[in-house]
Amino acid sequence: MPKFVINGQRPLAGEISVRGAKNAALKILPAALLSAEPITIKNLPRIQDVDLSIKLLEELGAEVDRGQDSATIRIETITDSRISATANKLRASVVFTGPLLARMREVRFPHPGGCVIGAGTRPIDLFLEGFAALGAEVEEADGYYSIRADKLSGGEYFFTTISVTGTETLMMAAVLAEGKTILKNCALEPEIAALAAYLNSQGAKISGAGTATIVIDGVKRISAGEFTIMPDRIEAGTFAIMAAATKAELTIRDCDPSHLEALLSIFSKIGVKFSAGKDYLTIRKSPDISSYSVKTHEYPGFPTDLQSPYTVLMTQARGSAIIHETIYDRRLLFTDMLAQMGADIIMCDPHRVVVNGPSKLYGRKLTSPDLRAGIAMIIAGLTAEGKTEIDNIYQIDRGYERIDERLRSLGADITRQDD
Ligand code: EPZ
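Residues numbered from 1 in each chain as written. Predicted model: local features only at pLDDT ≥ 70, side-chain atom pairs only at ≥ 80, totals over all residues. Heavy atoms only, no water.

Glancing now at the packing of aromatic side chains. Applying the stated criterion across every chain yields a total of 5 aromatic pairs. On the basis of an interplanar angle of 25° and a centroid distance of 5.2 Å, the ring pair of F109 and Y145 is categorised as stacked. Of the two residues, F109 sits in strand β6 (residues 106–110) while Y145 sits in strand β8 (residues 144–148), which places them 36 residues apart along the sequence. What makes F109 buried here is its relative accessible area of 3%. A relative accessible area of 11% places Y145 in the buried class. (Phe/Tyr/Trp six-rings, centres within 6.5 Å; stacked < 30°, edge-to-face > 60°. Helix = DSSP H or I, 4+ residues; strand = E, 2+ residues; numbered from the N terminus. Buried < 20%, exposed > 50% of the residue type's maximum accessible area, 1.4 Å probe, protein only.)

With that settled, the discussion passes to the sheet that holds strand β5 (residues 70–74). Spatially, the 4 strands line up as an open sheet ordered β4-β5-β3-β13, and their pairing is mixed. Each end of this open sheet is capped by a strand with a single partner; those strands are β4 (63–66) and β13 (226–228). Taking the axes of each pair of neighbouring strands and ignoring which way they run, one obtains an average angle of 15° across the sheet. Pairing between β4 and β5: 4 bridges, direction antiparallel. (Pairing = 2+ DSSP bridges. Axes fitted to C-alpha atoms, helices over the stretch in contact; angles between N-to-C directions.)

Our focus in this paragraph is the pattern of salt bridges. Considering all chains together, one arrives at 28 salt bridges under this definition. A salt bridge links E178 to K151, with the shortest nitrogen-to-oxygen separation between them at 3.6 Å. Within this pair, whereas E178 is found in the loop between α5 (164–175) and β10 (180–184), its partner K151 is found in the loop between β8 and β9 (156–158), the two being separated by 27 residues in sequence. Taking the relative accessible area as the measure of exposure, K151 reaches 41% and is therefore partly exposed. For K184, the salt bridge is made with E156, and the minimal N-O distance between the two is 3.1 Å. Placement of the pair is K184 in strand β10 and E156 in strand β9, with a sequence separation of 28 residues. Of the residues examined, K184 reaches a relative accessible area of 30% and is grouped as partly exposed. Look at E156 and you get partly exposed, because its relative accessible area is 49%. Three or more residues are tied together by salt bridges with common partners; here these are K3, K365, K387 and E389. (Salt bridge = Lys/Arg side-chain N within 4 Å of Asp/Glu carboxyl O.)

Moving on to the domain arrangement of the chain. Entries for the chain in the domain assignment read domain 1 (2–19 + 231–418) and domain 2 (22–228). Computed over C-alpha atoms, the centres of domain 1 and domain 2 are 30 Å apart. With 23 residues of domain 1 at the contact, the number on the domain 2 side is 23 residues. Roughly 2100 Å² of surface becomes buried between domain 1 and domain 2 when both sides are summed, with 50% attributable to carbon and sulfur atoms. Between the two partners, domain 1 and domain 2, sit 2 salt bridges. R233 is the partner of E191 in a salt bridge, and the nearest nitrogen-oxygen pair spans 2.8 Å. Here domain 1 and domain 2 share 8 residue pairs in polar contact (both at pLDDT 80 or more) between them. Breaking the side of domain 1 that touches domain 2 down by element, the ones donating at least two residues are α11 (371–383) and α12 (394–397). If one sorts the elements of the side of domain 1 that touches domain 2 by residue count, α12 sits on top with 3 residues. (Domains from an automatic or database assignment. Contact = heavy atoms within 4.5 Å. Buried area = accessible area lost by both parts, 1.4 Å probe. Polar contact = N/O pair within 3.5 Å; in protein donor to acceptor, adjacent residues only side chain to side chain.)

Residues in close proximity to the ligand total 24 residues, the closest being K27, D125, T165, D305 and R372. Contact between the ligand and P123: an oxygen atom at 3.3 Å from a main-chain N or O atom of the residue. One of the side-chain N or O atoms of D305 is found 2.6 Å from an oxygen atom in the ligand. Against a free-state accessible area of 820 Å², the protein chains account for coverage of 90% of the ligand. Most atoms of the ligand, that is more than half of them, are within 2 Å of grid points of the largest pocket. (Near = heavy atom within 4 Å. Areas by Shrake-Rupley, 256 points an atom, 1.4 Å probe, with all protein chains shown as cover. 1 Å grid on protein atoms, 1.4 Å probe; cavity = no way out; pocket = protein on both sides within 12 Å on 5 of 7 lines; lining within 4 Å. Sits in = over half its atoms within 2 Å of the grid points.)

Another point: the sheet that holds strand β7 (residues 137–141). Strand order in the open sheet formed by 3 strands is β6-β8-β7, and the pairing between neighbours is antiparallel. Since the sheet does not close on itself, it has two edges, and those belong to β6 and β7, each with one partner. Taking each pair of neighbouring strands and ignoring which way they run, the sheet shows an average axis angle of 15°. Sheet topology note: the β7/β8 ladder contains 5 bridges and is antiparallel. Note that in β8 the partner of A141 across the bridge is Y144. With respect to the sheet, helix α3 (residues 97–104) is in contact with β6 and β8, its orientation differing from that of β6 by roughly 150°.

Printed below as a string of structure tokens:
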């Protein structure tokens, strides 16, 4: 099994360029199903979740020409309305159901897999209720869902829980529905507004994306064109936290600091020295960082995807911080591995830990339970004295392109080894 081996406490410095946003790529790829015309997607990250999404598209009849960081997708006719078991490896495969239902009026799919962070099996009740609100019939048998509709009609749906993929999936299903759809209590992530802007440029009629209420006037068809994926704000925030934790001097290029206000407002409070421009963020050596409690929240609040890296940073900060993870049920489980490395962490309940710092961390053998805990372990390994080994690194490769190569260019002693 491949693993990362890190020898910690090497001085890190230099520049790192941010890749296209994973959580934008995983929506614009299924969006290709909405049109019979070819779409070209640029700034596409080379990560395993993108590979899986492209595999799903090809299984549905798409022709995909892949460049170094782009892809052109042609799906004149969709040859299947069933999403294969490939979906079991990718939670975001659930997004395919919206465009498929819109184009084919039916879709069959397995329960989507992916990270283990959500409650139980990562519920999809919001998606099923939303499809029913558009007039579809939903059946479930042996872990497979069948959704069909003679025609999709505009409807109204209130998300009882805010869901980014739920918002994007239903928005796309409604694009080709007959009539007006009103989605309420939508997620506000910037990737949603970018997706809606692209769809509108191809003939869709979506208003309010980026706010809590999105209104979609259905159209008969949309065309397709070119879409450039925005910088990955979570990758940018992760690198910024890594620089602060390892006392590095780091410039993060090709990012959008305006998407990181929740993190940067905390950096200002806790003594992390930084300067930001339109598309870069420079973190300067910050010897004395103080603790600050965070509560994860949907955008523009503190992102749950930065919670794990931030928890590592708090082990190096002076004082006590409560980390309150409000979105996912299992996203703090990785802290017991941080404790094994020497961190002073008390789990109050499954959603809250107290981190006392600063603590010296020591290298250990670790297993990455999910994507964001995995990158947090890399940050802990870079900060720790001695050698850290991290296995199950598929979970990290899913979302961070060539992460070992890119960190080595900053001076990190990290290698990928296969037992
Ligand atoms: C998106 O997930 C991201 N994933 C997540 O990133 C990110 O953490 C999250 O937004 C931030 O809110 C993608 O964009 C592909 P959910 P989202 O499964 O919001 C509940 C990463 O590491 N829920 O909808 O689509 C669920 O239990 C990933 O890049 C229901 O109750 O996530 C959770 O509490 C992790 N019923 C909340 O909503 C449903 O039908 C969000 O979960 C669906 C979700």
